[in-house]
Amino acid sequence: MEPSSVEAAPAPSSIDRDYAAAFPRSQALFAEAQDLLPGGLTHDSRWLEPFPVFVERAAGAYKWTVDGRRLIDYWMGHGALLLGHNHPAVAAAVARQLEQGTHFGSSHPLELEWARLIKAMVPGAEQVRFVNSGTEATQLAMRLARAHTGRPRVAKFAGHFHGWHDEAASGYRASFGVTASTGVPQAVLATTIALPVGDEAALRQALAAGDVAAVIVEPSGGSWGAVPMDRDFLRLVREETRRTGTVLIFDEVITGFRLAPGGAQEYYGVDADLVCLGKVVAGGLPGAAVAGRADIMAYLAYRDPEWNRTKKIAHQGTFNANPLTAAAAVATLRELADGQAIRRAAALCRALGEGLNQTLAAAGVTGYVYWQASMFHIALGLEPPPGAQGEPPAGVDPAVLERLSKGTGTIALRKAMLLEGVDLMRSGGFLSAAHTEEDVAETVAAFGRALQRLRQEGLV
Ligand code: PMP
């Protein structure tokens, strides 16, 4: 399956002109931001040429820009808001906690309730340590694996993203061999091996060396499934890590509670030794966790003085399990526990994906939309696999999928969709239980009009 090119077209002038006219206050704020924030931004993914939109309010499936425009939101807090913006139960829990205090500098009952819910929902979560972001979670999981095995290196897969810390800085941007960031010492980069996805021989060879503490993986495939990974390969990773005493870390920062109440472990029927949870686990506030085998988590616990001095992992974090986040998290996980909201978001995502694929076909535009639970990806320029209904495209070079998701057409599509009142997250997005069938229908209609525009511009 060879994708056609979407990159050769010239800059989409009429879309850019209308975009600037529609979001003038955003443009002005972005100009102000240049002096204050490097690049005018606080997160690389929020970059959009010539300027991103600024948002001042959100509720349910919507957010409102400073220009007074309502957007159907498919960012959903970078995937954190599975219940939608300002879910009443979550907002009420946070408001109640605000009255009780936001930081005790002490242990508190809500952290137990939070951990109990994680234990009840996530397979193999024998113990939980709270941290503040997905990045911190993968960093801690890697350290735990090294402490447990006494081995120095970590293996990951090309194109899989595990946060922005130094040890996760290699192999997630095409071409996957290179670091995604300057400023990371070679010695640190050398501790992480980036393996080609699906390459059994490379996996076996890496683990045979005996110096790999952990294999860390985005179980859905790189970039939350944009570059899919085969279930059988995931099983093989489990078998090979078990056989070699290597810790298997599932990075479920996105898939946790989204694929199923038990995340990717439940969804794929493959168990991990450690799970990194972020986003949804913290109910839309900053927070994350590492959960898993008690014998590995034990490296965080105090024991006798000799152990404390020589073996224990040092771990702090001013805002770990802060009460405000804990309140939001407990309210969120209670809502998610029966799986209903998860299934609702997934059903809406399927309806959206099917609608988008029908629209592509009707417009005669080459492209394919695929989805998993409540996450979807739009690959303009990719030939739809014959007979496929949303399944991830198999056998496509990961570098090609990566390139398609960043092609000129995709960036123009984002702006054309913003003009239609829809905020796509780069080349796809996240559904929440707060989206409605009407939102889906509106999005599909908007997509049809946006494709027309892209065609007029010669971009598809
Ligand atoms: N792992 C994965 C799979 C992610 O998608 C992300 C963030 N998108 C992270 C880790 C890092 O999480 P955070 O942004 O909370 O540091």
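**A look at the overall build of the protein**
- Looking only at helices and strands, the protein has 17 helices and 15 strands in total.
- Rg of the C-alpha trace for the protein: 22 Å, near the compact-globule value of 23 Å for 460 residues, within the 12% margin.
- With the C-alpha coordinates of the protein rotated into their principal frame, the extents come out at 70 × 55 × 45 Å.
- Burial analysis of the protein (460 residues in total) assigns 56% to the buried set.
- In the protein, the proportion of contacts linking residues at least 24 apart, taken out of those at least 6 apart, comes to 71%.
- With the model as given, the accessible surface of the protein reaches about 19,200 Å², and the carbon-plus-sulfur share is 52%.
- Distance between charge centres in the protein, computed from 42 positive and 48 negative side chains, equals 3 Å.

**Focus: the site of the ligand**
- Around the ligand, the neighbouring residues are Ser133, Gly134, Thr135, Phe161, His162, Gly163, Glu218, Asp251, Val253, Ile254 and Lys279.
- A distance of 3.0 Å separates a nitrogen atom of the ligand from a polar atom in the side chain of Lys279.
- Summarising the interface, the protein chains cover 81% of the accessible area of the ligand, which totals 390 Å² for the free molecule.
- Residues that form the shell around the ligand fall into these classes: three nonpolar, five polar and three charged.

**Notes on the domain arrangement of the protein**
- Once the domains are mapped, the protein shows domain 1 (14-84 + 340-456) and domain 2 (88-336).
- Taking only C-alpha atoms, the centre of domain 1 and the centre of domain 2 are 27 Å apart.
- The partner domain 2 presents 27 residues to the 26 residues of domain 1 that form the contact.
- Between domain 1 and domain 2 lies a buried interface of about 2,200 Å² when both sides are counted; carbon and sulfur atoms form 68% of it.
- When the area that domain 1 buries against domain 2 is broken down by residue, the three leading residues are Leu83, Ile342 and Gln372, summing to 25%.

**Notes on the confidence of the model for the protein**
- Here the protein shows a mean pLDDT of 93. Residues at 70 or above account for 95%.
- Residue range residues 1-9 is modelled with pLDDT below 50. Its contacts to residues more than four positions away, or to other chains, number 27 contacts.

**Points about the environment of Val369**
- Relative to the helices and strands, Val369 is located in strand 12 (residues 367-372).
- Considered as a pair, Val369 and Asp397 are 28 residues apart in the sequence and their alpha carbons are 17 Å apart.
- Sequence-distant contacts of Val369, defined by excluding residues within four places in its chain, comprise Gly353, Leu356, Asn357, Leu360, Phe376, His377, Ile378 and Gly390.

**Observations regarding the sheet that holds strand 10 (residues 274-277)**
- Read from one edge to the other, the open sheet built from seven strands follows the order 4-11-10-9-7-5-6, with strand pairing classed as mixed. With partners counted over all chains shown, the strands left at the sheet margins are strand 4 (127-131) and strand 6 (192-195), one partner each. Geometrically, the sheet is characterised by an average inter-axis angle of 20 degrees between neighbouring strands, direction not taken into account.
- Sheet topology note: the strand 4/strand 11 (residues 288-292) ladder contains five bridges and is antiparallel. Across the sheet, Gln127 pairs through a bridge with Gly292, a residue of strand 11.
- Against the sheet, helix 9 (residues 231-243) contacts strand 5 (153-157), strand 7 (212-217) and strand 9 (247-252), and its axis sits at roughly 145 degrees relative to strand 9.

**As for the pairing of strand 1 (residues 55-59)**
- As paired strands, strand 1 and strand 2 (residues 62-65) are joined by four bridges and run antiparallel to one another. When the sheet's bridge partners are listed, Arg57 is paired in strand 2 with Trp64.
- Taking the residues between adjacent antiparallel strands as the criterion, strand 1 and strand 2 are bridged by two residues, where Gly60 takes a positive phi near 60 degrees.

**Focus on the sheet that holds strand 13 (residues 375-380)**
- Taken in spatial order, the three strands of this open sheet run 12-13-15, and their pairing is antiparallel. One side of each edge strand has no neighbouring strand; the edge strands of this open sheet are strand 12 and strand 15 (428-430). Here the strands of the sheet are splayed against their neighbours by 10 degrees on average, with no regard to which way each runs.
- As judged from the six bridges shared by strand 12 and strand 13, these two strands associate in the antiparallel manner.

**Concerning the environment of Ala321**
- In this structure, Ala321 sits in the loop between helix 12 (305-310) and helix 13 (323-336).
- The spatial distance from the C-alpha of Ala321 to the C-alpha of Leu110 is 8.6 Å, given a sequence separation of 211 residues.
- Apart from the residues within four sequence positions on either side, Ala321 is in contact with His108, Glu111, Trp114, Phe130 and Ala326.

**Quick word on the side chain of His85**
- Within the element layout of this structure, His85 appears in the loop between strand 3 (70-73) and helix 3 (88-100).
- Among residues more than four places away in sequence, those in contact with His85 are Ala58, Ala59, Gly60, Tyr62, Asp73 and Met76.

**Some remarks on the layout of surface pockets**
- By volume, the second largest pocket is sized at about 660 Å³.
- Around the second largest pocket, the lining is made up of 30 residues, and of these Pro228, Met229, Glu391, Pro392 and Pro393 lie nearest the centre.
- Structurally, the lining of the second largest pocket is a two-domain feature, drawing no fewer than three residues from each of domain 1 (14-84 + 340-456) and domain 2 (88-336).

Rules used throughout
- Residues numbered from 1 in each chain as written.
- Predicted model: local features only at pLDDT ≥ 70, side-chain atom pairs only at ≥ 80, totals over all residues.
- Heavy atoms only, no water.
- Helix = DSSP H or I, 4+ residues; strand = E, 2+ residues; numbered from the N terminus.
- Rg over C-alpha atoms; globule rule 2.2 N^0.38 Å.
- Buried < 20%, exposed > 50% of the residue type's maximum accessible area, 1.4 Å probe, protein only.
- Contact = heavy atoms within 4.5 Å.
- Areas by Shrake-Rupley, 256 points an atom, 1.4 Å probe, with all protein chains shown as cover.
- Lys, Arg positive; Asp, Glu negative; His and termini not counted.
- Charge placed at Lys NZ, Arg CZ, Asp CG, Glu CD.
- Near = heavy atom within 4 Å.
- Polar contact = N/O pair within 3.5 Å; in protein donor to acceptor, adjacent residues only side chain to side chain.
- Nonpolar A, V, L, I, M, F, W, Y, C, P; charged D, E, K, R; others polar.
- Domains from an automatic or database assignment.
- Buried area = accessible area lost by both parts, 1.4 Å probe.
- pLDDT = per-residue confidence, 0-100.
- Pairing = 2+ DSSP bridges.
- Axes fitted to C-alpha atoms, helices over the stretch in contact; angles between N-to-C directions.
- 1 Å grid on protein atoms, 1.4 Å probe; cavity = no way out; pocket = protein on both sides within 12 Å on 5 of 7 lines; lining within 4 Å.
- Points joined across faces, edges and corners; volume = space filled by probe spheres on them.

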